[in-house]
Amino acid sequence: MMDDIRAVEWTGDGLRLIDQTVLPGRFEHLDARDVDTLVDAIRRLVVRGAPALGVAGAFGVAVAMLQAARQGWNVTERDAAIERIRSARPTAVNLAAGVDRVLPFVPKGVEAVVAEAQELLDEDIRGNRAIGRAGADWILARTGKRPLRVLTHCNAGALATAGWGTALGVVRELHGRGLVERVYADETRPLLQGSRLTAWELERAGVPYLVQADGAAASTILRGLVDVAVIGADRIAANGDTANKIGSVGVALACADAGIPFVVAAPWSTVDLATPSGGEIPIEERAAEEILAWGGAEVAPEGARGFNPAFDVTPARLVTALATETGVLEVSSGETPAAARP
Ligand code: MRU
């Protein structure tokens with residue numbers, strides 16, 4: 001059952017992560033009981049997706065506390081280790097927010113931190129269910145064709161969250177109502193979160209889908225083959241500008257041109273009101289090797305240099321709707337997260 005996918009779990013003495021670098025070929029877990037292992041897992045995308053990173057960050061504080069006790073670290077050493085987790089990836093606000101959420105519980109001990117991290121995990125699953133219902137209702141009110149043809153980019157499913165998913169949560173809700181004809185899953189270069197992870201989740205959920213190259217997305221939309229695009233987010237600025245996996249803004253531009261809705265599905269934990277607009281969102285730039293090689297084989301000539309931003313920013317004017325756990329904001333019509341924060 002797809003509902004059983006748990007990207008992040010607390011085992012009592014550490015974190016158990018589904019290793020998302022080896023899916024779909026292998027389903028394996030990686031246990032992170034020390035800070036180096038966890039930071040490396042976050043950087044390598046063993047665990048990834050904004051809400052899953054938030055939960056990993058929150059439990060990560062407990063990992064650091066347990067390691068501090070084992071190895072006799074002083075408070076400064078422990079806090080430096082926590083800061084390494086907090087800043088392991090810069091774009092998804094959830095990672096730092098997850099760490100910050102449990103920090104007030106540190107003086108109360110590991111059990112209190114674990115309990116708060118577990119609360120964050122449970123909240124995320126509940127929130128995703130609500131996002132799915134709100135997003136599905138809004139899409140059905142806005143679109144005419146039944147069943148729907150949905151396009152998504154990257155992976156915003158159970159693997160990217162504490163469970164169920166945001167953008168894929170909307171898809172699963174629509175599918176549960178018998179209203180999905182097919183999903184176009186962009187493969188999502190360079191690390192293929194779409195073809196490796198989204199397709200794996202859709203297969204398990206029995207949702208009809210086609211994997212397409214990222215370069216096909218605009219054409220698929222302009223040919224009239226898509227009714228709605230639904231994606232997740234890594235950080236949403238106060239004005240509604242939205243950072244998500246590189247390639248998202250191209251999907252949004254094509255949707256605007258075709259006159260179909262571009263829907264961002266994300267919890268309020270991904271909204272960062274301290275960031276006024278997209279220009280202030282830090283964009284992670286990853287190693288050029290991810291572009292220049294694949295599966296150990298070089299895919300560019302020797303000497304080629306790469307440019308590998310992991311995220312882009314879709315301006316608020318292109319975000320038709322933001323589906324949250326408290327309802328839907330029509331961002332391109334002027335409903336900003338700053339004004340609507342519950
Ligand atoms: O680099 P990744 O795989 O962590 O990027 C993930 C995304 O861009 C997701 O769309 C986003 O985090 C939302 S996950 C619900």
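The protein appears in an unreviewed UniProt entry as Methylthioribose-1-phosphate isomerase from Actinomadura viridis. According to the UniProt record, the Sequence similarities (unreviewed entry) comment for the protein reads "Belongs to the EIF-2B alpha/beta/delta subunits family. MtnA subfamily." Of the protein, the UniProt comment under Catalytic activity (unreviewed entry) reads exactly: "5-(methylsulfanyl)-alpha-D-ribose 1-phosphate = 5-(methylsulfanyl)-D-ribulose 1-phosphate".

K.L.:
Let's hear about helix α3 (residues 75–86): which residues, and what values?
P.N.:
Under the 1.5 Å per step criterion, the end-to-end length of α3 is 16 Å for twelve residues, consistent within 8% with the ideal 16 Å. Next to the buried residues of α3 lie α1 (35–44), α2 (50–71) and α4 (93–102). Put simply, N74 is the residue that caps the front of α3, since its side-chain oxygen is 3.1 Å from the backbone nitrogen of T76.

K.L.:
Can you explain the environment of R286? Please cite residues and give values.
P.N.:
Among the structural elements, R286 can be located in the loop between β11 (271–272) and α10 (289–292). Residue R286 is classed as buried on the basis of its relative accessible area of 15%. If we skip the residues at most four places from it in the chain, R286 touches R43, R44, L45, R89, L191, N308 and A310. At a separation of 2.8 Å, a polar atom in the side chain of R286 contacts the side chain of E284.

K.L.:
I'd love a proper account of empty space enclosed by the protein, names of residues and values included.
P.N.:
Inspection of every chain in the model, using the stated rule, returns two cavities of 30 Å³ or more. Considering only enclosed or pocket space, the largest cavity measures out at about 180 Å³ in volume. Taken together, 24 residues form the lining of the largest cavity, with G49, A50, N155, D234 and N244 sitting closest to its centre. Every element with two or more residues in the lining of the largest cavity is listed here: α2 and β9 (242–245). When its residues are assigned to classes, the lining of the largest cavity shows eleven nonpolar, nine polar and four charged. Structurally, the lining of the largest cavity is a two-domain feature, drawing no fewer than three residues from each of domain 1 (2–123) and domain 2 (130–333). Estimates place the volume of the second largest cavity at around 60 Å³.

K.L.:
Can you break down the layout of surface pockets residue by residue, with the values?
P.N.:
To find the voids left in a structure, one rolls a probe of water-molecule size over its atoms. Space inside the largest pocket adds up to approximately 250 Å³. Of all the secondary-structure elements, those providing two or more residues to the lining of the largest pocket are α2, α4 and α5 (110–142). Looking at the lining of the largest pocket, the element that brings in the most residues is α5, giving five residues. Its residues assigned to classes, the lining of the largest pocket comprises five nonpolar, five polar and five charged. Both of domain 1 (2–123) and domain 2 (130–333) provide at least three residues apiece to the lining of the largest pocket.

K.L.:
Quick rundown of the site of the ligand? Include the residues and the values.
P.N.:
In the vicinity of the ligand lie 19 residues, with R48, R89, D234, N244 and K245 positioned nearest. The contact in question runs from an oxygen atom of the ligand to an N or O atom on the backbone of G49, over 3.1 Å. A distance of 2.8 Å separates an oxygen atom of the ligand from a polar atom in the side chain of R89. Contact with the protein chains hides 100% of the accessible area of the ligand, taken as 420 Å² for the molecule alone. With respect to the detected pockets, the ligand is housed in the largest cavity. Listing elements by their share of the shell around the ligand, those giving two or more residues are α2 and β9. The class makeup of the residues in the shell around the ligand is eight nonpolar, seven polar and four charged.

The rules behind these values
Residues numbered from 1 in each chain as written. Predicted model: local features only at pLDDT ≥ 70, side-chain atom pairs only at ≥ 80, totals over all residues. Heavy atoms only, no water. UniProt positions renumbered as here; feature names shortened; annotations may be inferred. Helix = DSSP H or I, 4+ residues; strand = E, 2+ residues; numbered from the N terminus. Expected span 1.5 Å × (residues − 1). Contact = heavy atoms within 4.5 Å. Polar contact = N/O pair within 3.5 Å; in protein donor to acceptor, adjacent residues only side chain to side chain. Buried < 20%, exposed > 50% of the residue type's maximum accessible area, 1.4 Å probe, protein only. 1 Å grid on protein atoms, 1.4 Å probe; cavity = no way out; pocket = protein on both sides within 12 Å on 5 of 7 lines; lining within 4 Å. Points joined across faces, edges and corners; volume = space filled by probe spheres on them. Nonpolar A, V, L, I, M, F, W, Y, C, P; charged D, E, K, R; others polar. Domains from an automatic or database assignment. Near = heavy atom within 4 Å. Areas by Shrake-Rupley, 256 points an atom, 1.4 Å probe, with all protein chains shown as cover. Sits in = over half its atoms within 2 Å of the grid points.

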